[in-house]
Every structure is written in structure tokens, then in C-alpha cells.
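# Chain and residue survey
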Amino acid sequence: MLKINIPAEDKRFDVLIIGAGPAGLTAAIYAARADLKVGFLEGSTPGGKVTSTDQIENYPGFQKVVGSDLALNMFNQATKLKAHYMYGWVDRINKDEDAKIFSVHTKKNETYFAKVVIIATGMKERTLGLENEKKFEYKGISYCAVCDGNLYANQDVAVVGGGNSAIQEALYLTKIVKKIYLIHRREQFRADAIMLDEIKSKSNVEMLVPYVVKAYVGDEKITGIKIQNLETNEERILNVACIFPYIGFNPSTSFLSNLDILNEQKQIITNKNKKTKIDGLYGVGDVTENDFRQITTANSDGTVAALDAIDYINKNAKSWSW
Ligand code: NAP
């Protein structure tokens, strides 16, 4: 039986989801349809990285769908099912093992309580780590082509990286900017062949491989970048108005350091049903050890975790008095 005081109605949930990308929203949809009281906390725009993706062409059921539309549909579906959306950044999660209750604390000193917590916080962009990076953020360094591309209409820009994100965003920019330098540190690309073929066919893209960015150039804002050829060591300056680094992501898990559920890469370790070693605590989507990071795999994680959580709540129903 619950040993802690029963929290106020608006602070307690059967399932509390942290993060409202495709993994979190899918979990919310499944848990809410099982008649559970579901809340989700998000400190940024609901929808996750999908909201800043232009065209998605590999989401089954849609030959093409705009990322923000897909995200909004998922969000609306979850909230229509009465999954309760709350704004907030989570600072810490604790569990009272006797009471089988999690307390979730936000940076604004709010505390929520839940029988199950599903962590779906995704990943944050990796930065190049060069001098003056903070100074030039939003002044010529952007991590979102869809959000900022129009600011650089008819100008020259650089995109860095060789994965799906870099190629996808570069493809989006081809329609807006004058020229794109696509800078990648090796000959092989991680991006899907179909996207790679498309970018190679664009007349306003110049591929620069194997190159790395050595410095930002500019005074108040970026006017160029210094790049270096890794084979010849030759350095050159590219005059660009903006650089879009798409060099991968780091998992957003710093608030979980007290729980001992992370691997060396700071990703959440789960079993096949997305449960961590702590009963009632799940990790889903990009924040976990997954080999593949797609919207569809996030959907799958959210589904599996929610179904396992429903089972867990039903099996332990007598443990809680709400
Ligand atoms: P990613 O696949 O990890 O690619 C990161 C790229 O950045 C790699 O080419 C890497 O080079 C390069 N890189 C890493 N650190 C660097 C550094 N310090 N300096 C220069 N270059 C650096 O990351 P992503 O493209 O963001 O994709 C993440 C996941 O999301 C992937 O699983 C991807 O398939 C998925 N995704 C899918 C789609 C889609 O299907 N439409 C769209 C976007 C993302 P190396 O190759 O040399 O390591």
C-alpha cells in the first residue's frame, strides 16, 4: 500500500512520459487508450526533432509528409485521448521503492508523481566545439535548416556531416540558398543511397570531402569558415553566411545520472520491452541504446513500453490506492 501521502489529483499520473517526440507521443496514445491517466512533460516544442524536418518520405502510409504536420497529428491524437500535456524541463527522478511511486522534479520546482515513468527525451545536437561557437549561435550557426534556411535565401551556406540528417537538410536548403558546400570528413557517407544520389544531382551543391571545419570566420556574425583537406592539409576559407552542422546527436540524459541506468555513451539501457532495471521505469526512442534511430523505430519503442507498462500497472494494481 502507498506509504507516502497521496499527491494532489493534478500532480499524479498512472503513466508520466518525459519528452513528446514520436516515441513519447506513441506511448501516450497507447497508455491513454488503456484508460490510464497519462501526462507528458516537454520542455521544448512538442513533436521532437520531427518538427524541424521538412519532407519525410519513409514513414509508411505517407509517400511524403511534412515533419511538423506529422508531429502535430501525433500530438493532437494524444491530447484528444486526454493525455495531459505539461510544459517543463525535468531535473531529477526518484523512486520510493516501498510505495512503487516515482517523483519527477522539474527545474521550476514542480513535482509530479507516477506509477510508471517513460523517458523519451531524445538527443541534442552535437556541436563542432570550435572557438566562438556560443558567440555565433543564431548569428551564422544553425542546427535547424527548416527553421532558419529562409534567413539565408540566395546566399552561400555550408552543411557539415555525412549522415541522413546532413543530406536531408542540405536537400531542403537547395531550394532556398544560392550554393551549399557540403563538408564531410571522409569519402564514405552514412546517408541512405537514395538521398545521396539526389544531393549529387543538385547543381547548387559542391561536395567537399575529406574536409573538416577548423574555425569560424567573422566579427559580429559569421562571414565564412576555415576548412582543411584531411589528405593534403591544405586550408581554405569559404565565404558563407551560415554553417549548419549535422554531425550527430548526444542523448539527453544528464538528469538521470542518479539512477544508474545509462551506458558509457550516456544512453539508457533497457530490455527488449524497453524497461530499465528499475521496475516501472522505461526508456524509448533515440535516448536508448537502439542501433537504428527512425521515426518508425521510435513509434515501435513507445508502443512496446506502453504495453509493458499497462501490464505492470495491472499486475501491481493493489500496490496503489489511486
Ligand atoms: P549520424 O548518422 O551519426 O551522422 C553524423 C555524421 O556526422 C557522420 O557522417 C559523421 O562522420 C559526422 N561527424 C560526426 N562527428 C563529427 C565531427 N566532430 N566533425 C565532422 N563530422 C562529424 O547522425 P544523423 O545524420 O544526425 O542521423 C542520426 C540518426 O537519425 C541516424 O540513425 C539516421 O539514419 C537517422 N535519421 C534518419 C533520417 C531519415 O531516414 N530520413 C533522417 C535524419 C536522421 P563519420 O561518418 O565519419 O562518422
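Refer to the preceding data block for the structure.
The structure reproduced in this document is the subject of the present report. Keep in mind that this is a model prediction, so the values were computed, not measured. (Residues numbered from 1 in each chain as written. Predicted model: local features only at pLDDT ≥ 70, side-chain atom pairs only at ≥ 80, totals over all residues. Heavy atoms only, no water.)

### Topic: the overall build of the protein chain
Our working rule: Only DSSP runs of H or I with at least four residues qualify as helices, and only runs of E with at least two residues qualify as strands; both kinds are numbered from the N terminus onward. Within these notes, the globule rule equals 2.2 Å times the number of residues to the 0.38 power, and the radius of gyration is based on C-alpha atoms. Any residue under 20% of the maximum accessible area for its type is buried, any over 50% is exposed, and the rest in between are partly exposed; the area is computed with a 1.4 Å probe on protein chains only. Surface exposure here means Shrake-Rupley accessible area, sampled with a 1.4 Å probe, where a residue is shielded only by the protein chains that are shown. Residues scored as positive are Lys and Arg, those scored as negative are Asp and Glu, and His as well as the terminal groups of each chain are ignored. A charge is said to be at NZ when it belongs to Lys, at CZ for Arg, at CG for Asp and at CD for Glu.
Counting its secondary structure elements, the protein chain contains seven helices and 18 strands. On C-alpha atoms alone, the protein chain measures out to a radius of gyration of 22 Å, which is about the 20 Å that the 2.2 N^0.38 rule sets for 322 residues. The dimensions of the protein chain, computed from C-alpha atoms along their principal axes, are 70 × 40 × 30 Å. For the protein chain, buried positions account for 52% of its 322 residues. Approximately 16000 Å² of the protein chain is accessible, and the part contributed by carbon and sulfur atoms is 47%. In the protein chain, 40 positive and 39 negative side-chain charges are present, and the distance between their average locations comes to 3 Å.

### Focus: the nonpolar core
Grouped burial of nonpolar side chains is what soluble globular proteins tend to show. Formally: The set of buried Ala, Val, Leu, Ile, Met, Phe, Trp, Tyr and Cys residues whose side-chain atoms join them within 4.5 Å is what this entry labels a nonpolar core. Should any heavy atoms of two residues lie within 4.5 Å, those residues are counted as being in contact.
Ranked by internal contacts, the top residues of the largest apolar core, which has 41 residues, are V15, I17, V38, F40, L70, V116 and I118. Those elements that place two or more of their residues in this core are β1 (12-18), α1 (22-33), β2 (38-42), α2 (67-80), β8 (111-119) and α7 (295-315). Looking at which element gives the most residues to this core, the answer is α7, with eight residues. Excluding residues that lie within four positions of it along the chain, V116 makes contacts with D14, V15, L16, F102, G280, Y282, A309, Y312 and I313.

### Structural notes on the site of the ligand
Heads up, the condition is: Only heavy atoms are used to decide nearness, and a residue is near a molecule or strand if one of them lies within 4 Å of it. Between N or O atoms, a polar contact is any pair within 3.5 Å; within protein, one atom must be a potential hydrogen donor and the other a potential acceptor, and residues adjacent in sequence are included only when both atoms are from side chains. Each residue gets one of three labels, nonpolar for Ala, Val, Leu, Ile, Met, Phe, Trp, Tyr, Cys and Pro, charged for Asp, Glu, Lys and Arg, and polar for the others, Gly among them.
For the ligand, the set of nearby residues contains 18 residues, the closest of which are N58, N164, S165, R186 and R190. Separating an oxygen atom of the ligand from a side-chain N or O atom of S165 is a distance of 2.7 Å. The protein chains hide 78% of the 920 Å² of surface that the ligand would expose on its own. At three residues, helix α5 (residues 164-174) tops the list of elements feeding residues into the shell around the ligand. Grouping the constituent residues of the shell around the ligand by class yields four nonpolar, ten polar and four charged.

### Things to note about the packing of α1 against α7
Keep this limit in mind: For helices, the axis comes from a line fit to the C-alpha atoms of the stretch in contact; other axes are also lines fit to C-alpha atoms, and the angle between any two N-to-C directions lies between 0 and 180 degrees. Left-handed describes a crossing whose near helix is turned anticlockwise from the far helix through less than a right angle; right-handed describes the clockwise counterpart.
One way to put it is that α1 packs onto α7 with a least axis distance of 7 Å and a crossing angle of 35°. At the point where α1 passes α7, the crossing takes the right-handed sense. Contacts from P22, A23, T26, A27, Y30 and A31 of α1 reach α7 at I295, A298, N299, G302, T303, A306, L307 and I310. In the contact of α1 with α7, the residues fall into ten nonpolar, four polar and no charged.

### What to know about α5
Along an α-helix, residues three or four positions apart point the same way, because every turn accommodates 3.6 residues. Summarising burial for α5: eight of the eleven residues are buried, a large majority. Of all the residues in α5, the buried ones are A166, I167, E169, A170, L171, Y172, L173 and T174. Those residues of α5 that are buried are in contact with α4 (145-148), β10 (156-160), β11 (179-183), α6 (193-200), β12 (205-208) and β16 (242-245).

### Regarding the sheet that holds β11
How we decide: One bridge is not enough; two strands pair if DSSP finds at least two bridges between them.
Taken together, four strands build an open sheet; the order of strands is β12-β11-β10-β16 and the sheet is parallel. Sheet topology places β12 and β16 at the edges, where each strand pairs with a single neighbour. Put simply, the sheet's adjacent strands are angled 20° from each other on average, direction ignored. In this sheet, β16 lies alongside β10 in parallel orientation, the contact comprising four bridges.

### Examining the pattern of salt bridges
Threshold: Salt bridges, as used here, are contacts in which a Lys or Arg side-chain nitrogen is within 4 Å of a carboxyl oxygen on Asp or Glu.
This structure, assessed with the given rule, holds 15 salt bridges. In this structure, the salt-bridge partner of K37 is E9, at a minimum N-O distance of 3.9 Å. Separated by 28 residues along the polypeptide, K37 in the loop between α1 and β2 and E9 in the segment before β1 bring together distant segments of the chain. Judged by its relative accessible area of 52%, E9 is exposed. Among the ionic contacts, a cluster of salt bridges with common partners joins E9, R12 and K37.

### Things to note about the sheet that holds strand β15 (residues 235-238)
With respect to topology, three strands assemble into an open sheet ordered β13-β14-β15, the strand pairing being antiparallel. Whereas interior strands pair on both sides, the edge strands pair on one side only; in this sheet they are β13 (211-218) and β15. When the angles between neighbouring strand axes are averaged without regard to direction, this sheet yields 25°.

### Observations concerning the side chain of D286
Note that D286 resides in the loop between β18 (281-283) and α7. Looking at D286, the relative accessible area reads 16%, which means it is buried. In this structure the side chain of D286 is engaged in a polar contact, spanning 3.1 Å, whose partner is the side chain of K49. Apart from residues no more than four positions distant in its own chain, D286 is found in contact with K49, G122, M123 and R293.

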